[in-house]
Amino acid sequence: MPSSPASPPLLSRHPMVLRSWQPKTTVNMVSSAAANTAATQVLLSPSSKPVAFSDADKYVAWHDAMCDEIKALRYNHTWSLVSFHPSMNVVGSRWVYRIKRRVDGSIDHYKARLVARGFTQQEGIDYSETFSPVIKQVTVILVFSIAVSYNWKIHQLDIHNAFLNGVLTEEVYMKQPPGFVDPTLSSHVCRLHKSLYDLKQALRTWYTRLSDFLLSIGFFASKVDTSLFILSDGTNIFYLFVYVDNILLTGSNSVMLHHLVQLLSSEFKLHDLGDVHYFLGIEVQSTGIGLMLRQRKYILDILTRAGMTSCKPVDTPVSPFKLAIQPDHPFSDHT
């Protein structure tokens, strides 16, 4: 039906008012997030992980997490802005969002991590060696057994932004982070001096940086598992093993153990988590007779993904009926 001439146009009844465009600077992003906190709580639940930057920027908790990451990157002198040249192989960058939870499943903090699109790197141009050792689970169990036998404390350390400590020897160029482009140098690219997550050589450069420091203070790497470092002065012995940015440290002298933690904190920004409680998805609970290792959270996560949290448990998950032997001839080959 044609509209009545007396009725006003549809657009004139819309309450939206356009505003002048402003560059997406950190100040504008903070003020925008603070002004729209009530609206963003409807758009994005605090317990959900955003997929894109445009979603995360609507919620103040995720925006604060991104600002913290950018501050850490700038403090660490991770990159410098340089003019773009067509001969450069420039990799992209993106934000990855994680919700760090405690053992009981409650939210500890929100983490926004800037990662590079390392799959666009070219071998021989912006990376060469990529291999880095990873601690073996049998080594973890063995060190736990030794610590329990001698009643040693096991300290858990978390390195803050571990990969940012790795020094790059290759020339790696990256686009400026989404949402944090310098408005005065928008055509420039980042020349990376320190490593970033998802670069092909990221894990190797971090391991090299950490191992060089540990060797300089007296540790030596195990020949069986090079992620295990051992320090011995003839009287005392200490074991340290690393899995990416998680470190466990134990030894026979508690005073010297504390001194080693101080040495590590003087070189890297770390968080001393105290006695080990959660490592590699394994919950560690101290008892009167030792340590109890279990994976309750891991199992519950699997059941949740499979939609089996309300299933009735049984001792033997097979058919409750008895198996009947059918009359038949035996196999010619019993193996």
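Attention here is on the structure that accompanies the text. Just so it is clear, the model here is predicted, and its values are computed rather than measured.

## Some words on the side chain of E69
Part 1 of the reasoning: Within the fold, E69 resides in helix α4 (residues 60-75).
Part 2 of the reasoning: A relative accessible area of 3% places E69 in the buried class.
Part 3 of the reasoning: Beyond its immediate stretch of four places on either side in the chain, E69 contacts W95, K111, A112, R113, L114 and N161.

## Notes on a nonpolar patch on the surface
Part 1 of the reasoning: A cluster of nonpolar side chains, I141, V148, L291 and L293, forms an exposed patch at the surface whose accessible area comes to about 260 Å².
Part 2 of the reasoning: Those elements giving two or more residues to the nonpolar patch turn out to be α5 (137-149) and β15 (290-294).
Part 3 of the reasoning: Within the secondary structure layout, I141 lies in helix α5.
Part 4 of the reasoning: Residue classification places I141 among the partly exposed residues on the basis of a relative accessible area of 35%.

## Let's talk about the sheet that holds strand β8 (residues 220-221)
Part 1 of the reasoning: With respect to topology, six strands assemble into an open sheet ordered β8-β9-β10-β11-β5-β12, the strand pairing being antiparallel. Of all strands in the sheet, those with a lone pairing partner are β8 and β12 (270-275), marking the two edges.
Part 2 of the reasoning: Relative to strand β10 (residues 237-243), strand β9 (residues 228-232) runs antiparallel, the two being bridged by five bridges. Bridge pairing links L231 to F238 in β10.
Part 3 of the reasoning: On top of the sheet, α5 reaches β5 (154-159), β9, β10 and β11 (246-251); it is set at about 150° to β10, its chief contact.

## Examining unusual backbone geometry
Part 1 of the reasoning: At N151, a position not held by glycine, the phi torsion is positive, near 60°.
Part 2 of the reasoning: Among the secondary structure elements, N151 is positioned in the loop between α5 and β5.
Part 3 of the reasoning: N151 sits in the exposed class, given a relative accessible area of 71%.

## Quick notes on the sheet that holds strand β6 (residues 167-174)
Part 1 of the reasoning: With respect to topology, four strands assemble into an open sheet ordered β1-β7-β6-β2, the strand pairing being mixed. Looking along the sheet, the strands with just one partner apiece sit at the ends: β1 (79-82) and β2 (90-91).
Part 2 of the reasoning: Judged from the four bridges that link them, β1 and strand β7 (residues 189-194) form a sheet pairing that is antiparallel. By the bridge assignment for β7, W79 is matched with L192.

## Observations concerning the packing of aromatic side chains
Part 1 of the reasoning: This model, assessed by the stated rule, comprises ten aromatic pairs.
Part 2 of the reasoning: Aromatic ring contacts, followed pair by pair, group W62, Y97 and Y110 into a single cluster.
Part 3 of the reasoning: Note that R113 overlies the ring of Y197, its terminal NZ or CZ placed 3.8 Å from the centroid.
Part 4 of the reasoning: Over the ring of Y127 we find K200; its NZ or CZ atom is 5.6 Å from the centre of that ring.

What counts, and where the lines are drawn
Residues numbered from 1 in each chain as written. Predicted model: local features only at pLDDT ≥ 70, side-chain atom pairs only at ≥ 80, totals over all residues. Heavy atoms only, no water. Helix = DSSP H or I, 4+ residues; strand = E, 2+ residues; numbered from the N terminus. Buried < 20%, exposed > 50% of the residue type's maximum accessible area, 1.4 Å probe, protein only. Contact = heavy atoms within 4.5 Å. Patch = residues over 30% accessible without salt bridge, like charges linked within 9 Å, V, L, I, M, F, W, Y side chains within 5 Å. Areas by Shrake-Rupley, 256 points an atom, 1.4 Å probe, with all protein chains shown as cover. Salt bridge = Lys/Arg side-chain N within 4 Å of Asp/Glu carboxyl O. Pairing = 2+ DSSP bridges. Axes fitted to C-alpha atoms, helices over the stretch in contact; angles between N-to-C directions. Phe/Tyr/Trp six-rings, centres within 6.5 Å; stacked < 30°, edge-to-face > 60°. Lys NZ or Arg CZ within 6 Å of the ring centre and 35° of its normal.

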